[in-house]
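# Observations on the three-dimensional arrangement
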Amino acid sequence: MSDSSQTSPAITPTDRPWHALTWLLWALAGATAVQLAPNPLYVLVVIAIAWVVVEAHGLGGPFARAFPLLVGVAILFGVLRVILTAATAHGGNDVLFTTPSFTLPELLGGFTVGGDIQTEIVTYATAESLVIVGIVAVFAAFNAVASHYELVQAAPRAFHELGLVIVVALAFVPSIITAAHDVGEADRARTGGRRVGRGRLLRRLVPVLESGLERAVSLSESLDARGFGHRPPARRERLAGWCGAGALLALAAAFVALVARAGTTALVLGIIGAIAVAAATILVSGASTRTRYRRRRMTAADWTTVAAACVAPVALAVASLSGDETLQWPVDPLAFPSANVLPLVALLALLAPCARRSLPVAVHSPVTIRTRAAEAA
Amino acid sequence: MSAVTFDGVSFAYPDADVALHDVELGITAGEVLVCAGSSGSGKSTLLRCVNGLVPHSSGGRFSGEVVAFGRSTRTHAPRELADVVGFVGQDPEGQFVVDHVERDIAFVLENLGMTESAMRRRVEEALDALGIAHLRDRAPATLSGGERQRAAIAGALAAAPSALVLDEPTSQLDPQGADDVFAALGRLNADLGTTVVLAEHRLERAAVLADRITILDGGRVSAPARPRSALADYSGAPSVTRLGRVLGWDPPPLTVREARAAATSHPLLGAPFEPSMPTRGEPLMQADRLDVSLGGQKVLRSVSMDIHRGDVIALLGRNGAGKTTLLRALASLQDIDGGTRSGDATVGYVPQDPGLLLFAPSVRREVAETLRLLKRVDDGAVDGWLQRLGLEQLADRHPRSLSGGERQRVAIASVAVGGAEVLLLDEPTRGMDAHSRTVLERMAHEHAAAGGAAVLATHDVELAARCATRAVVLGDGEVVAEGDARDVLAGSLYAPQVLRVLPPFLTVEEVESALARKEP
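In what follows, the accompanying structure is described. Note that the structure is a prediction, hence the values are computed from the model and not measured.

With that settled, the discussion passes to the overall build of chain B. Looking only at helices and strands, one finds 19 helices and 19 strands in chain B. Computed over its C-alpha atoms, the radius of gyration of chain B comes to 24 Å, within 12% of the 24 Å expected for a compact globule of 520 residues. For chain B, the spread of C-alpha atoms along the principal axes amounts to about 65 × 55 × 45 Å. Counting every position in chain B, which comprises 520 residues, the buried fraction comes to 63%. Restricting the contact set of chain B to residue pairs at least 6 apart, pairs at least 24 apart contribute 68%. Total accessible area computed for chain B in this model is approximately 18500 Å², and 48% of it derives from carbon and sulfur atoms. If the 53 positive side-chain charges of chain B are averaged to one point and the 69 negative ones to another, these points end up 0 Å apart.

If you want it as structure tokens, here you go:
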């Protein structure tokens, strides 16, 4: 295995300058900023900042490609969205070009697909898609720079087992991509390089799935052998179970009340639900005997960074309230979006995590132990 | 005092034949017990019984009782034995829970609910015990095979278990990596009194460490005995032991050192020996000054290699030296930065992990599939390769239900049946027992004799000594040594055992034939 796996210097938790929670809050601040200022110019600035952050703090290792991959997927969906919107929505004045059109039967909605493709619609859909790409970019950057495991360790103990299972499952994704590539290669080599299309999907899918399953079994045995898992539920945990069920019921009822426009009832039910959730979390966390190794805590510097990053959404909110018109981009009448200095400066606050740099760790040359066993072999 | 006792244990996996048959076994506290036996003899199953993975995780029919440190696995799940039994499975890659060596080691301690200060101490001790303190911040995926295996052992060791159970801990390691692992195990056993139970195919190192060896055969366990008596008649014994048997030394030696002491006055020592030099046929394939880089790192530097008809080439070199990359480059699966590949021979490549290839519901259909893909029908070829790789008995089994060595043979048959002249085999001996290795050696010979050629990337110098005609040693992407297998192996620190005891002989078989010639 190790023959083919390349050792890339990975940045490790201890040299990561910021806590995973800091990164999560940073990502939330960035996403909020995008929502508050959907003007394409501002969104592009946020995407650029996300890219800079990944360049400065990217972890390497299996999640190194999370950023380009997720942003690529977002762009793909954005383009699809633009095409679908342009083909189905009509109502502008400026016709870009015209395609053949047909009208769906009444049963399927009865709207017209194709026909006049209008500039306003295309521009509007593009701007909307860009907002989504911006939000995805921020969270993709979070995935590329933060340790998921650290986040699990920071979460209340009640969520630990679930969180760990999710982290382990996430770690499977890159390994499955590698396996799919290796299987494809083995399949090609089997016929001496000749490509055979027929039945290829099966030949490629079965080994990937079966290898993945074998790995999953091996991992679950390792988890088991290392003491991971539920103990018989304690009295507190059963109590917490009831709290959780009650919370679910209360929140569902609050939703119904909200739909029925019974505001006060919804509020009261919502508060009861939230309290029950908190109680369940505290009860389960208290019952857990699990401890945490070298749990990283949020430092003053972490909180400072979070505060600095929050300047962006706060300033944008203020600008929005004080009537800054550049935050939105009016598509009609069509004009190049304009920008103000204040929102641009506010967005730069999202660069706060770059105040520190991640230093890549040099790959140590293996220090080998000289042994007496060598003489026996 | 008995640490682990097996009392009348029988077990069968769901929908399968009996894997363990009425096992009675007592493992003494503080001993090193090595389980030997051919593939599919039940070694892994036996080991997995110790901490209750069998039957808790596997399912199946279980009878009898296993008691580990006073806790019966009937009433205790594996996680309730985590503090007394550390377990390292066959595939270290699949066992890391956290993508960080130090935190992965701490995982078991967190689950046991230790205090933070106790955890810090235990983790440092585990790092030191395995000599991997410098790797603490690495991701397991970036480690070499030996480092990864030691990190996995540290993860099992952190809880300071009374017993460590390891399933083929060195099957994927180069000689140096295997030495490191065994040195670490020996230290744990000597210094901490940890009971060590391990399964191994290659006994050269394990036999030295073992206090007792038990041999499994078809799910039956022999009474554990001292290595010398356990291995006296065992076909998978280390080469020096087999050499001692052939030369009538009593007791048979276990180490090169013992054998050398016995051989000082042997008449065969330094005897003139004219090995039959295999003749090389016409060239099939040439690689000239290949350069390959992966992810910005140079993996191969100006590597040249000639492959002729009749060659069986052993490709040696430590983990990460570039063996796989070279094979992939020869198979045109790898883009090369510089150099040329020439020759129009057909090439077949078998990857390290046979699981990448296998998808058909039976061994026969797996092998026939390749011909179907090449749009040929040739039942004779299918039967021929099944027979050549000793798979006739297994033809109707599901490839995934086979043991590691058997799967590897199925993968080789599936590729070779396509009629490739040059067969490139990447670590074919991973997890192979003595029988599978013999079959593989015979196959390589027959293929070469029929005008083909085979290249085997391997860590197993004994295998190289037995079947290679030529050897190429790679070190950090460069060819360090190349030439006749005998010459290359003779100069190596990791020379085969027999050569180190009775030069110029490479293998027990050569010594036997020399003896036969001497006393006709």
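Next, the rest of the story.
Another point: helix 2 (residues 40-57) of chain A. Turn by turn, an α-helix covers 3.6 residues, leaving residues three or four places apart pointing in a common direction. Residues and elements named next belong to chain A. Here helix 2 spans 25 Å end to end across 18 residues, near enough to the 26 Å set by a 1.5 Å rise per residue. Within helix 2, burial applies to Pro-40, Tyr-42, Val-43, Val-46, Ile-47, Ile-49, Ala-50, Val-53, Val-54, Ala-56 and His-57. Close packing links the buried residues of helix 2 with helix 1 (20-36), helix 3 (66-88), helix 4 (119-145) and helix 11 (341-348). The opening residue of helix 2, the one whose side-chain oxygen lies 2.9 Å from the backbone nitrogen of Leu-41, is Asn-39.

Okay, the packing of aromatic side chains next. The relation between two aromatic rings is expressed through the spacing of the ring centres and the mutual angle of the planes. Residues and elements named next belong to chain B. Applying the stated criterion across every chain, the model contains 4 aromatic pairs over all chains. The interplanar angle of 80° and the centroid separation of 4.9 Å between the aromatic rings of Phe-11 and Tyr-13 together place this pair among those described as edge-to-face. Assessed through its relative accessible area of 25%, Tyr-13 is described here as partly exposed. Pairwise contacts between aromatic rings join Phe-11, Tyr-13 and Phe-62 into one cluster. Over the ring of Trp-385 we find Arg-388; its NZ or CZ atom is 4.4 Å from the centre of that ring.

Our next topic: the pairing of strand 9 (residues 212-217) of chain B. The side chains of a regular strand alternate, residue by residue, between the two faces of the sheet. Residue and element names in this part refer to chain B. Among the 6 residues in strand 9, 5 count as buried, and that is most of the element. Two elements, strand 3 (residues 32-37) and strand 9, share 5 bridges in a ladder whose sense is parallel. Pairing of Leu-33 across the sheet is with Arg-212, part of strand 9. In terms of strand pairing, strand 9 meets strand 10 (residues 220-221) through 2 bridges, oriented antiparallel. Bridged to Leu-216 within strand 10 is Val-221. Hairpin connection from strand 9 to strand 10: 2 residues lie between these consecutive antiparallel strands, with Gly-218 at a positive phi of about 55°.

What follows covers the sheet that holds strand 5 (residues 71-72) of chain B. All names here are of chain B. If you walk across this open sheet you meet the 4 strands as 2-1-4-5, and the pairing is antiparallel. Both edges of this open sheet fall to strand 2 (18-28) and strand 5, since each of them pairs with a single strand only. Inspection of the sheet shows strand 1 (residues 2-12) paired to strand 4 (residues 61-68) by 7 bridges, in the antiparallel sense. Paired with Thr-5 across the bridge in strand 4 is Val-67. Across the sheet, helix 1 (residues 43-50) is in contact with strand 1, strand 2 and strand 4; its angle to strand 2 comes to roughly 55°.

A contiguous patch of positive charge on the surface is contributed by Arg-194 and Arg-198 of chain A together with Lys-375 and Arg-376 of chain B. With respect to the helices and strands, the residue Arg-194 of chain A is situated in the loop between helix 6 (160-190) and helix 7 (200-225). What makes Arg-194 of chain A partly exposed here is its relative accessible area of 48%.

Before going further, it helps to spend a moment on the environment of Arg-220 of chain B. Residue and element names in this part refer to chain B. Along the chain, Arg-220 turns up in strand 10. Along the backbone, Arg-220 and Val-23 are 197 residues apart, and their C-alpha atoms lie at a distance of 6.5 Å. Setting aside its immediate chain neighbours within four residues, Arg-220 contacts His-21 and Ile-215. Here His-21 takes part through its side chain, which lies 3.4 Å from a polar atom of the side chain of Arg-220.

Here we come to a nonpolar patch on the surface. Residues and elements named next belong to chain A. A cluster of nonpolar side chains, Leu-69, Leu-162, Ile-166, Leu-170, Val-173 and Ile-177, forms an exposed patch at the surface whose accessible area comes to about 540 Å². For the nonpolar patch, the element with the highest residue contribution is helix 6, accounting for 5 residues. Accessibility expressed as a relative area gives 56% for Leu-162, which makes it exposed.

Definitions and cut-offs
- Per chain, the residues get numbers from 1 upward, laid out in the order the sequence is written.
- Lettering for chains starts from A, numbering for ligands starts from 1, and both go in the order in which the items are written.
- With pLDDT at 70 or above as the cut-off, local features in this predicted model cover only qualifying residues; side-chain atom pairs require 80 or more to be listed or tallied, and sums for whole chains, interfaces and linings still use all residues.
- For side-chain calculations, the full set of non-hydrogen atoms in the structure is used, while hydrogens and water are omitted.
- Counting from the N terminus, the helices are the DSSP runs of H or I reaching at least four residues and the strands are the DSSP runs of E reaching at least two.
- Taken over C-alpha atoms, the radius of gyration is set against a globule rule of 2.2 Å times the number of residues to the power 0.38.
- Exposure is judged per residue with a 1.4 Å probe applied to protein chains only, and the accessible area is read against the type maximum: over 50% gives exposed, under 20% gives buried, and values in between give partly exposed.
- Contact criterion: two residues are considered in contact whenever any of their non-hydrogen atoms come within 4.5 Å of each other.
- Only the protein chains shown count as cover for residues, and the accessible areas themselves come from Shrake-Rupley with a 1.4 Å probe.
- Charge convention: Lys and Arg are scored as positive, Asp and Glu as negative, and His as well as the terminal groups of each chain are ignored.
- Where a charge lies is defined by one atom per residue type: Lys uses NZ, Arg uses CZ, Asp uses CG and Glu uses CD.
- Given a helix with a known number of residues, its expected span is that number minus one, times 1.5 Å.
- N or O atoms closer than or at 3.5 Å make up a polar contact, with two conditions inside protein: a donor-capable atom paired with an acceptor-capable one, and, for residues adjacent in sequence, both atoms drawn from side chains.
- Aromatic pairing here means that ring centres of Phe, Tyr or Trp (its six-membered ring) are within 6.5 Å. Orientation follows from the plane angle: under 30 degrees is stacked, over 60 is edge-to-face, and everything else is tilted.
- Only Lys NZ and Arg CZ are tested; either one counts as a charge over a ring when it is within 6 Å of the ring centre and within 35 degrees of the ring normal.
- DSSP-based pairing: two strands are paired if at least 2 bridges between them are found.
- To obtain each axis, a line is fitted to C-alpha atoms, and for helices this fit is confined to the stretch in contact; angles are then taken between N-to-C directions over 0 to 180 degrees.
- Surface patches are defined over residues having more than 30% relative accessible area and no salt bridge, joining like charges when they lie within 9 Å and nonpolar side chains (Val, Leu, Ile, Met, Phe, Trp, Tyr) when within 5 Å.
- Here, a salt bridge means any side-chain nitrogen of Lys or Arg that lies within 4 Å of a carboxyl oxygen of Asp or Glu.

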